[in-house]
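Notes for the structure review
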Amino acid sequence: MYYAWLENPKSVHKIRGHHVAQLDPLGILDADLDSFVPSDLITTIDKLGFYGLHESDLDKVFQLPTTTFIGGNENSLSLREIIKRLENTYCQHIGLEFMFINDVEQCQWIRQKFETPGVMKFTNEEKRTLLARLVRSMRFEDFLARKWSSEKRFGLEGCEVMIPALKTIIDKSSEMGIEYVIMGMPHRGRLNVLANVIRKELEQIFCQFDPKLEAADEGSGDVKYHLGMYHERINRATNKKITLSLMANPSHLEAVDPVVQGKTKAEQFYRGDTAGKKVMSILLHGDAAFAGQGVVYETFHLSDLPSYTTNGTIHVVVNNQIGFTTDPRMARSSPYPTDVARVVNAPIFHVNADDPEAVMYVCSVAAEWRNTFNKDVVVDLVCYRRRGHNEMDEPMFTQPLMYKQIHKQVPVLKKYADKLIADGTVTLQEFEEEIAKYDRICEEAYTRSKDNKILHIKHWLDSPWPGFFNVDGEPKSMSCPPTGISEDLLTHIGNVASSVPVKDFKIHSGLSRILRARLEMTKNRVVDWALAEYMAFGSFLKEGIHVRLSGQDVERGTFSHRHHVLHDQEVDKRTCVPMNHLWEQQAPYTVCNSSLSEYGVLGFELGFAMASPNALVCWEAQFGDFHNTAQCIIDQFISSGQAKWVRHNGIVLLLPHGMEGMGPEHSSARPERFLQMSNDDSDAYPEFSEQFEVSQLYECNWIVVNCSTPANYFHVLRRQILLPFRKPLIVLTPKSLLRHPEAKSSFDEMVSGTTFQRVIPENGLAAQAPHEVKRVIFCTGKVYYDLVKERKNQDLEKQVAITRLEQISPFPFDLLKEELEKYPGADLVWCQEEHKNSGYYDYVKPRFRTIVNHTRPIWYVGREPAAAAATGNKNTHLVSLRRFLDTAFNLEAFEGKTF
């Protein structure tokens, strides 16, 4: 029976010892909510009977099985010693969860790291280093508390061990070859990490507390505990160069997780680091957020996907055992806050944060695990929060008993210093000198900080792009070259897009028809939507620009139009990406179907786009309205990222959009939301200059377009990289236009010298006699084709001009002014297929009125206001379409009406 107990891979100490491990520094809570002692765990002598053993068996010597490491060099031990060693390994200050991992080699690796006797012995030098790091961690918080007692800083008190923990992970990783560590974390302890891990100059941190500090004019900025940092330095422990980047993030907890992973993936990609041996990520979490925020789960599920894996992340949970004012039993249904990590078989190491040596050992093992198995690992620092949620908060209102104990709690620095002084590792004088030395460093930095009168947010940039901007961070020019390419290039890309560049590759017969149609279009010098995109992407690859397209089902395309990955119909999992066969020397093209996630995947692609300006990174929603599941990334990072953190980003969002009777959920990409968040002023009449188009783009926070032609889509993608700066691009992409016979473009609109058209003016009969025109209809996107067809049916091609806005934001004031002046006697109408409270009207109306100085109305034609984005009834859809088309071409519709 004994052997069954010890050899069983589900051996109870290994699988459930963490339930009785002494993890809570306060000694009042169980780290897990189950709070029970498993009946089969030998914690008292009377439990021996469960295994058919008796007290008299305790001194019997047993042969040790080969699956355990508790014997060290010994092959046999007494039962008493066996139980003692198992308890020391699994039931003390470290609680291990790993027996759910379905890989024997990995489980045995962990057992060896923790069961082997004497593994947690530290040299005196290592102990002194640990003490010095604890001094810096604690005295930094003490210094801030003394100088700015009434300021929020989200201090680390109660988990000061996090600083030496992170430094141990970085030291060990550096030793194993890591050159670049990218970190994401919430606000708690952030200033301490910036100071003592990233090594931001202390005076730069201290000056942020000065209420008189003026902001430079480079953005609106952010609070100090949200800012990021990038720093290259020599790692003192290994004497190797290490680059550290702490990503800026909003208050939205865990939102930065996928962003960090995306940036890490990009840095690995550009270095050719396919195994993650040079670049890695560390994510810090709070216990409540780690359990509560769904994006944590989404991020974990990217961890082993081929185009998203970062080859293992080290997760460090600062487990305060409380979330703001909420007790754990109200904050999660799982025993531990870390249970979400089980879904990817990540080992979880719980450790009492008041045992610094146990923490350091666990962190060292975590770094080794990541390097050995390229998998995620979680370190759960079970600690406490000495103050309230912030320094101004009173925690006794809601957790009186916990905080009575916390007020009595001896700080970890004193505990550890007393231990080292007692065993002669350091003297009291040496300890006091270490404190005095760091206090002096802080005081000197504080004195210097008073000289800082202006805050430059660019000094806190987490993702610099060396050489892209000039030395003061400004664009090297304010012009954009033409976006067209040579006809030979268009033809070559079209031919490859129409082919299967791999021998003996059997494609689907339906795909053969699609490729033949592409070849025919290429011969006829014409492109549809899919081919225009192909040519934009392909042209960048020739120029050495990496293109990455990610999202749900993007390889084929939701609407079966793209087909960038061909599948062999006879050989399972054999694929071909023709785009990667354009030239012998070309940049790689990455196209990858993502997991069924928007929040996580969009955050990931945003992070990927941060790493380099010389890449076109696109995320496509399956349908445009699905972007609202990722609204946090859009609002907190994409819309405002540059203003808050001086961080350019050229990510492209492709959002299928259009009212086609498909119901309320698959119709609108909600353009009104993007337009509402655009930062251009509707009431300010701009000054026009030769550089107006580019300078307007530079000053905006993002670009919103709804292209009506494949050529313009081609050009706007090309412009995204040819601009001397980077801005997010929101593209409302078509659905039915993908195959509309009129929605095609000639090579003539794409060849060298051609450019993106922000406005496509009327070029038919109405433009030839503008003074006779009775009405000018302005519109954007697919509705143009409905309007043109209806105008022809009503024989109004001379009386009604139709002008298309292709770039909606920033608003093309200059070109629309020309259009308005061209038709002085015409009614001005804005026509959209979206409902009046959706779409573009509320954005364009005041801007049109500004152009005409409020002297002419801009009438609305479209669907009535509605709560849902579209109707679910096909007949209702067609009736409302008919109604607004009739109004659009009723030249007397607005007579006698006041605007």
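Residues numbered from 1 in each chain as written. Predicted model: local features only at pLDDT ≥ 70, side-chain atom pairs only at ≥ 80, totals over all residues. Heavy atoms only, no water.

Structural notes on the packing of aromatic side chains
A full pass over the atoms with the stated rule returns 40 aromatic pairs. Plain terms: the ring middles of W465 and F469 are 6.3 Å apart, the flat faces sit at 15° to each other, and that makes the pair stacked. With a relative accessible area of 9%, W465 lands in the buried category. Relative accessible area serves as the criterion here: at 16%, F469 is assigned to the buried category. On the numbers, 4.8 Å between centres and 50° between planes, the contact of F778 with F848 is tilted. Of this pair, F778 sits in strand β24 (residues 775-779) while F848 is found in helix α29 (residues 841-851), placing the two residues 70 residues apart along the sequence. Among the residues examined, F778 registers a relative accessible area of 0% and is labelled buried. (Phe/Tyr/Trp six-rings, centres within 6.5 Å; stacked < 30°, edge-to-face > 60°. Buried < 20%, exposed > 50% of the residue type's maximum accessible area, 1.4 Å probe, protein only. Helix = DSSP H or I, 4+ residues; strand = E, 2+ residues; numbered from the N terminus.)

Remarks on the pairing of strand β7 (residues 240-246)
Counting buried positions along β7 gives 5 out of 7 residues, so the element sits mostly inside the fold. Note that strand β6 (residues 229-235) and β7 share 7 bridges and pair antiparallel. When the sheet's bridge partners are listed, R233 is paired in β7 with I242. (Pairing = 2+ DSSP bridges.)

A look at the sheet that holds strand β23 (residues 759-760)
Spatially, the 5 strands line up as an open sheet ordered β23-β25-β24-β27-β28, and their pairing is mixed. The sheet terminates laterally at β23 and β28 (859-863), the two strands that pair on one side only. Bridge count between β23 and strand β25 (residues 800-805): 2 bridges; the pairing is antiparallel. The partner of I760 across the bridge, within β25, is R804. Those strands touched by helix α27 (residues 783-793) are β24, β25 and β27 (827-835), and its axis lies near 170° from that of β25. (Contact = heavy atoms within 4.5 Å. Axes fitted to C-alpha atoms, helices over the stretch in contact; angles between N-to-C directions.)

Here we look at the sheet that holds strand β19 (residues 652-656)
Strand order in the open sheet formed by 7 strands is β17-β14-β18-β19-β21-β20-β26, with mixed pairing between adjacent strands. Where the open sheet ends on each side, the last strands, each with one partner, are β17 (589-593) and β26 (807-809). Strand-to-strand twist in this sheet, taken as the mean axis angle between neighbours without regard to direction, amounts to 20°. One ladder, built from 6 bridges, connects strand β14 (residues 546-551) with strand β18 (residues 615-620); its direction is parallel. Bridge pairing in β18 places S550 opposite W619. Where helix α19 (residues 529-542) meets the sheet, it contacts β14, β17, β18 and β19, and its direction lies at approximately 140° from that of β14.

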